[in-house]
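Take a look at the letters that make up each chain.
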Amino acid sequence: MRRSILFARAIHPLTVGIAAALLAGCTSQPAPPPPPPVVGVITAQTRAVPLMTELTGRTQASEVAEVRPQVTGIVTQRLLAEGSQVQKGQALYQIDARPFAAIAQQARAALANAEAVVDANRLKAERYRTLASGGGISKQDAADADAAYAQSRAQVAAARATLDAARINLDFTRITAPISGRIGQSTITRGALVTAGQTNALAKIQRLDPIWINIQQSSADFIALRHALQAGTLASTGSAPVRIVLSDGSRWPSPGQLDFADIDVNEATGTVTLRVTVPNPRGDLLPGLFVKAQLAQGLVHDGILVPQAAVTRDQRGNPLVLVVGRGDVIEPRTVTTAATFGANWLVTAGLKQGDRIVVEGQLTARPGTHVKVVPASAAAIGG
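Okay, so let's go over this structure. (Residues numbered from 1 in each chain as written. Predicted model: local features only at pLDDT ≥ 70, side-chain atom pairs only at ≥ 80, totals over all residues. Heavy atoms only, no water.)

### Comments concerning the environment of Asp141
Link 1 in the chain: Its place among the elements puts Asp141 in helix H3 (residues 139–172).
Link 2 in the chain: Its relative accessible area of 34% is what places Asp141 among the partly exposed residues.
Link 3 in the chain: Residues Asp141 and Tyr128, spaced 13 residues apart in sequence, show a C-alpha to C-alpha distance of 7.2 Å. (Helix = DSSP H or I, 4+ residues; strand = E, 2+ residues; numbered from the N terminus. Buried < 20%, exposed > 50% of the residue type's maximum accessible area, 1.4 Å probe, protein only.)

### Some details on unusual backbone geometry
Link 1 in the chain: The omega torsion across Asp209 and Pro210 is 0 degrees, close enough to zero to call that bond cis.
Link 2 in the chain: As for its placement among the helices and strands, Pro210 is situated in strand E9 (residues 203–218).
Link 3 in the chain: Even without being glycine, Asp328 reaches a positive phi, approximately 55 degrees.
Link 4 in the chain: Tracing the chain through its elements places Asp328 in the loop between strand E16 (319–324) and strand E17 (330–334).
Link 5 in the chain: In this structure Asp328 comes out as partly exposed when scored by relative accessible area, which is 25%.

### Describing the nonpolar core
Link 1 in the chain: Membership of the largest hydrophobic core comes to 20 residues, with the highest contact counts inside it found for Leu92, Tyr93, Ile183, Leu202 and Ile205.
Link 2 in the chain: Only strand E2 (46–67), strand E5 (91–95) and E9 provide two or more residues apiece to this core.
Link 3 in the chain: With 3 residues, E5 is the largest single contributor of residues to this core.
Link 4 in the chain: Of all hydrophobic cores here, the second largest spans 16 residues; its members include Ile211, Val242, Ile244 and Val278. (Core = buried A, V, L, I, M, F, W, Y, C linked by side-chain atoms within 4.5 Å.)

### Comments concerning helix H2 (residues 98–134)
Link 1 in the chain: The terminal C-alpha atoms of H2, which comprises 37 residues, lie 55 Å apart, in line with the 54 Å expected from a rise of 1.5 Å per residue.
Link 2 in the chain: Listing the buried residues of H2 in full gives Phe100, Ala104, Ala107, Leu111, Ala114, Val118, Asn121, Ala125 and Ala132.
Link 3 in the chain: Residues of H2 that are buried sit in contact with H3.
Link 4 in the chain: Phi for Gly135, located one or two positions after H2, is positive at around 85 degrees. (Expected span 1.5 Å × (residues − 1). Contact = heavy atoms within 4.5 Å.)

### A word on the sheet that holds strand E8 (residues 193–194)
Link 1 in the chain: The antiparallel open sheet is built from 4 strands, whose spatial order is E6-E5-E3-E8. Each edge of the sheet is formed by a strand with only one pairing partner; in this case those strands are strand E6 (174–176) and E8.
Link 2 in the chain: Pairing of E5 with E6 involves 3 bridges; the strand directions are antiparallel. In the sheet register, Gln94 faces E6, and the bridge partner there is Arg174. (Pairing = 2+ DSSP bridges.)

Structure, rendered in structure tokens:
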């Protein structure tokens, strides 16, 4: 009896442990499945989007005139202020005018002499015609008198032309600005000898308002753009403004207008020159600066703007976005991107109106995964 009691006491703890383990196994439940990943989406909206292009260019003065003398002489005065704004017709240099004034005076005297001779020959011709009609002199004498009168009139015309030329040369001794603009450095000083038709310019005047920007576009892109416009894939934007970005990244406050496209392709670079006219009222843009021009060269009728963060690349490098399809299941879509538009890609193929595009949570949203859909935050869509 005592032995049975001891045996029962020895197996009692083991029996209790096994019973507890069996009871726990019968009452435990399987772990719940993890919640679906949360993705932020935007709804695709089609609209007309301008096809923006950014091209580099260089500034150029809209008018340039090199000041050169048209007569030979000694410069007696330099009337310009280097780097200043000058007006058309403003005096810049004065050449010694005394020799030219003397020549003009001689031409004036020669004209007066010719006019006096023509009066005498006119009276003689009239008298000879009267005498010849009455038989007082021969008709040959009358004809000679008429010829002398005509010759003297021609001499008056020649003398008048000589005087006009002398006056023009006298006016050329005062060198004036041919255009309005900003004048640069003067290459001569007072006392210098200048000659008519010399190679070196005395100064250069440039009109800076408006200023031109010559930009270069690849001939292949230019032709593709023309074909797209002709086929109706793109619509013309008309005279859309052109935004100018300076070398420091800042934007020029006044937009420009694209007003010229060259008809020749540069054989060395394979590019076509486009010209943009930009207001420059204070003359801050100087000729020769490198800038960037952002211009709309066409209008995509049914474009869709997608945040750049939503566009990835597949193994072949093709643009790819994730779309929430039926049953809130992730579907990959290969798309066609035309250009950037601010913080977005302009998508022209692969998406349609109403598609739900994943812009947040792409790392946990695998293709075929069921997800929970919420609207994307303003930060994700650039708002």
